[in-house]
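Close look at the chain arrangement
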Amino acid sequence: CGNSKLSEDLYDVGYHSLVNMDISEVVIKQMNARNNAKRPEMQFMKMDLLDMKFDSESFQVVLDKGTLDAIFTSDDKKIAENVEKMLGEITRVLKVGGRYICVSLAQEHIVNMLLEYFPNLSWFIRVHTVETPSNASPLPVFAFVFTKTRPKPDISIIMPQILEIVTDSSEKITRLDSVEKLHQSIQAVQEYALVKKHLETLHPGDDFQIDLWAADNTTDPRYTVTIVDLKPSKSLAGKFAIFIVPQGREHEWMFSIKEGQKQLANSASFERLVIVALNRGHSYESINKIKEELSGKVMEFAQSGVNSASQVPFLSIGDDVGHRKVVHRGSSTYTGDYVIEDVEIDRDEMFRHLVFLSNKSVVQSEAKLCQVVKQAQSKSSKKKKNAKKTKPLNVDLSYLACQHHQAIVAGFALLEKNQSDDVQLLLIGLGGGSLPMFIYTHFPRIYTTVAELDPDIVDVAKNWFGFQESERMTLIVDDGLEVLKENSKNYDIVVFDIDSKDTCKGLSCPPAVFVDKETLKCVKAMLFPGGLFFLNLVCRDQERNDEVIKSIHQMFPAVCKIDIENEVNEVLICSDSKMTTELSKVTKGGRKLQEQIVAVSPSSNVQLASFLENLKLFS
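Quick caveat: nothing in here was measured; it's all calculated off a predicted structure. (Residues numbered from 1 in each chain as written. Predicted model: local features only at pLDDT ≥ 70, side-chain atom pairs only at ≥ 80, totals over all residues. Heavy atoms only, no water.)

A look at the overall build of the protein chain
The number of helices and strands found in the protein chain is 18 helices and 29 strands. Here the protein chain has a C-alpha radius of gyration of 33 Å; the compact-globule value for 619 residues is 25 Å, and the former is much larger. Over its C-alpha atoms, taken along the principal directions, the protein chain stretches across nearly 105 × 75 × 65 Å. Expressed as a percentage of the 619 residues in the protein chain, the buried residues total 46%. Contacts in the protein chain between residues far apart in sequence, at least 24 positions, make up 67% of those at least 6 positions apart. Accessible surface computed for the protein chain: about 32,200 Å², of which carbon and sulfur atoms make up 49%. Across the protein chain, the centroid of the 72 positively charged side chains sits 5 Å from that of the 84 negatively charged ones. (Helix = DSSP H or I, 4+ residues; strand = E, 2+ residues; numbered from the N terminus. Rg over C-alpha atoms; globule rule 2.2 N^0.38 Å. Buried < 20%, exposed > 50% of the residue type's maximum accessible area, 1.4 Å probe, protein only. Contact = heavy atoms within 4.5 Å. Areas by Shrake-Rupley, 256 points an atom, 1.4 Å probe, with all protein chains shown as cover. Lys, Arg positive; Asp, Glu negative; His and termini not counted. Charge placed at Lys NZ, Arg CZ, Asp CG, Glu CD.)

See below:
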């Protein structure tokens, strides 16, 4: 018991049947002297907890405030044996239904011991986090509550495990289905506590990401929080604010890429901006409801000096939380599980997203949806008169969501071939099919062949993104490398628009094998004279990026690049012959392409001029 006031406090609130023990006779004398008069029913006894002199099943509660931590200083064999003796004695003196309450900092070796010992006895386990003063240790304190069960009459009987955790002041209990998950939950609380301690000071230039989970959902986090700090300055609008990203927009550059998040923080002008993404798999009623839900939690992310009682500014884009609806789920042999979701933005625009669940923050393909008004059919003329119009959603083939797709189309202006002549194009990588269908819709002289490895993605493109085969649109379901090696046909344009599943070397697009010497040789061999090779390049490692461009330049004497503002993508345009990048000539070709687009789709979002202005030739 030491000289702690815990037992005195318990006595004073009504728990009088208390027995305190300590191995130190000096401590016992001091505590008796301090309490004999005020608390006559409370006992203090000198005793070794490894060999307690109490009868079996003497107590309903055994309370341990830090004793296990003090004894179990390491996982040394001798110490571990003493701890097992201690737990054995506690097990012996507790009544069935009694509880061993262990207050601990839950170091790794202690948790391992507790979560091995008591589950083997089939005891019920609940873990509480204990609130401590703000100036206390950054390590969280836990109260482990182990409830003794009646011994099994037959060791072959499998008893149900009761494993629970309470992680906040709401006292909401979460039941878990395995010891491993309970251990992971404890570790998550510990890691979160260290992060909160770290966040007491500003860290400009660093960014932190934290998942927030709903108490009733242990499958997916409800919110993902990114914390961005700026250097303190008098010119800033304030110290701390929250920015809520509407559903369906979390993949946009400003909300998902470090550079964009920093720009958002600078625009908001707060020392710390907490960017909150609303994750799929959950429902969100309104911005105000989200504010209510987060208001009790967000102050944990505030730096020192922010008044906890102050009203935190909540920022967003308008007052619409957005709407996301999963319309299809599937699984691909090559990319795993995926979802197709329709997303409503600003209450009047609908978009369709393909998302691979292995990388939930990235939208693999995006298409805009448009409504087609159709007269509902009816048998009676009266019904015909009063029939309501239905508005099914179709894919808008005049829209290109990806900036790099627009840059590729803009690059067609560099093709030497007359735009009135037939053009043969090979595209490696289908995705949702937005790029080939845009080309098909607006450029009737271009004949496109698309190679796609994944038949499941082909089905997605056809069934959900409007992709269709025709005499000007040929589909090959095969490995793009095999198509390059075995195809004897020549092309005016070859486009690589394929992502890599292995990004460990910094190259996200394309896979490394598609920019090796042998593959580039195949591309060069299949191009007509004056033909163009387009590469969508995404590489966050500058050294690796330079290596890729150098190897391409060794194969193609003329290489130029279109940098895309606020994107990690860059489009390389390569040719075996001299390319003109003179702005007047390129702009003229771009105007002709733009005229063809406008003739078919006057309201298309594709504007080519800005991309051609960013054209740079490598020397």
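Regarding the sheet that holds strand E6 (residues 141-147)
Spatially, six strands are ordered E3-E4-E6-E5-E7-E8 in an open sheet, and the strand pairing comes out mixed. For this open sheet the edge positions go to strand E3 (59-65) and strand E8 (174-176), each flanked by a neighbour on one side alone. The sheet shows a mean angle of 15 degrees between the axes of neighbouring strands, taken without regard to direction. Across four bridges, strand E5 (residues 124-130) lies against strand E7 (residues 163-166) in parallel orientation. Bridge pairing in E7 links isoleucine 125 to leucine 163. (Pairing = 2+ DSSP bridges. Axes fitted to C-alpha atoms, helices over the stretch in contact; angles between N-to-C directions.)

Focus on helix H16 (residues 542-555)
For H16, which comprises 14 residues, the first-to-last C-alpha distance of 20 Å matches the rise-based estimate of 20 Å (1.5 Å per residue) to within 8%. Within H16, burial applies to Asn545, Val548, Ile549, Ile552 and Met555. Taken around the axis of H16, the buried residues stretch over an arc of 120 degrees, which confines them to a single face. The outward face of H16, more than 90 degrees from its buried face, is lined by the exposed residues Glu543, Lys550 and Gln554. In the core, the buried residues of H16 are packed alongside strand E25 (507-509), helix H15 (517-526), strand E26 (527-539), strand E27 (558-563) and strand E28 (570-575). Between the side-chain oxygen at the start of H16 and the backbone nitrogen of glutamate 543 there is a gap of 3.0 Å, and the oxygen is on aspartate 541. (Expected span 1.5 Å × (residues − 1). Arc of directions from axis to C-beta. Polar contact = N/O pair within 3.5 Å; in protein donor to acceptor, adjacent residues only side chain to side chain.)

Focus on the sheet that holds strand E10 (residues 223-229)
Strand order in the open sheet made by the five strands is E9-E10-E12-E11-E13, with mixed pairing throughout. Each edge of the sheet is formed by a strand with only one pairing partner; in this case those strands are strand E9 (207-212) and strand E13 (314-316). On average, adjacent strands in this sheet sit at an angle of 25 degrees to one another, irrespective of strand direction. Sheet strands in contact with helix H9 (residues 287-298) are E9, E10, strand E11 (238-245), strand E12 (270-278) and E13, and its direction is about 135 degrees off that of E11.

Let's talk about the side chain of glutamine 190
Within the fold, glutamine 190 resides in helix H6 (residues 179-198). Here glutamine 190 is in contact with Leu105, Ala106, Pro140 and Phe142, once residues within four sequence places are set aside.

Observations concerning H6
End to end, H6 covers 29 Å across 20 residues, agreeing with the expected 28 Å (1.5 Å per residue, within 8%). Every buried residue of H6 is listed here: Val179, Leu182, His183, Ile186, Val189, Gln190, Tyr192 and Ala193.

As for unusual backbone geometry
Residues cysteine 509 and proline 510 are joined by a peptide bond in cis, for which omega reads 0 degrees. We note that serine 122 has phi near 65 degrees; this positive angle belongs to a residue other than glycine. Position of serine 122 relative to the elements: it lies in the loop between helix H5 (108-120) and E5. In this structure serine 122 comes out as buried when scored by relative accessible area, which is 15%. Of note in the backbone geometry, serine 269 takes a positive phi value of approximately 70 degrees without being a glycine. Its location among the elements puts serine 269 in the loop between helix H8 (258-268) and E12.

Observations concerning the domain arrangement of the protein chain
Domain annotation of the protein chain identifies domain 1 (48-197), domain 2 (202-316) and domain 3 (403-618). Computed from C-alpha coordinates alone, the two centres of domain 1 and domain 3 are separated by 60 Å. (Domains from an automatic or database assignment.)

Focus on a nonpolar patch on the surface
Taken together, Leu105, Leu139 and Leu194 make up a surface patch of nonpolar side chains, about 240 Å² in accessible area. Given a relative accessible area of 34%, leucine 105 falls into the partly exposed group. (Patch = residues over 30% accessible without salt bridge, like charges linked within 9 Å, V, L, I, M, F, W, Y side chains within 5 Å. Salt bridge = Lys/Arg side-chain N within 4 Å of Asp/Glu carboxyl O.)

Remarks on the environment of serine 24
Position of serine 24 relative to the elements: it lies in the loop between strand E1 (19-22) and helix H2 (25-35). In the structure, serine 24 is positioned 554 residues away from lysine 578 in sequence and 92 Å away in space, judged by C-alpha atoms.

Observations concerning the side chain of glutamine 303
Here glutamine 303 lies in the loop between H9 and E13. Within polar-contact distance, the side chain of glutamine 303 engages the backbone oxygen of lysine 239 at 3.1 Å. Beyond its immediate sequence surroundings of up to four residues, glutamine 303 is in contact with Leu199, Glu200, Leu202, Lys239, Phe240, Glu271 and Arg272.

So, the nonpolar core
Of all hydrophobic cores here, the largest spans 44 residues; its most connected members are Phe412, Phe534 and Ile573. Among all residues touching phenylalanine 412, those that are not within four sequence positions of it are Leu425, Ile439, Ile446, Ile493, Phe534 and Leu593. (Core = buried A, V, L, I, M, F, W, Y, C linked by side-chain atoms within 4.5 Å.)

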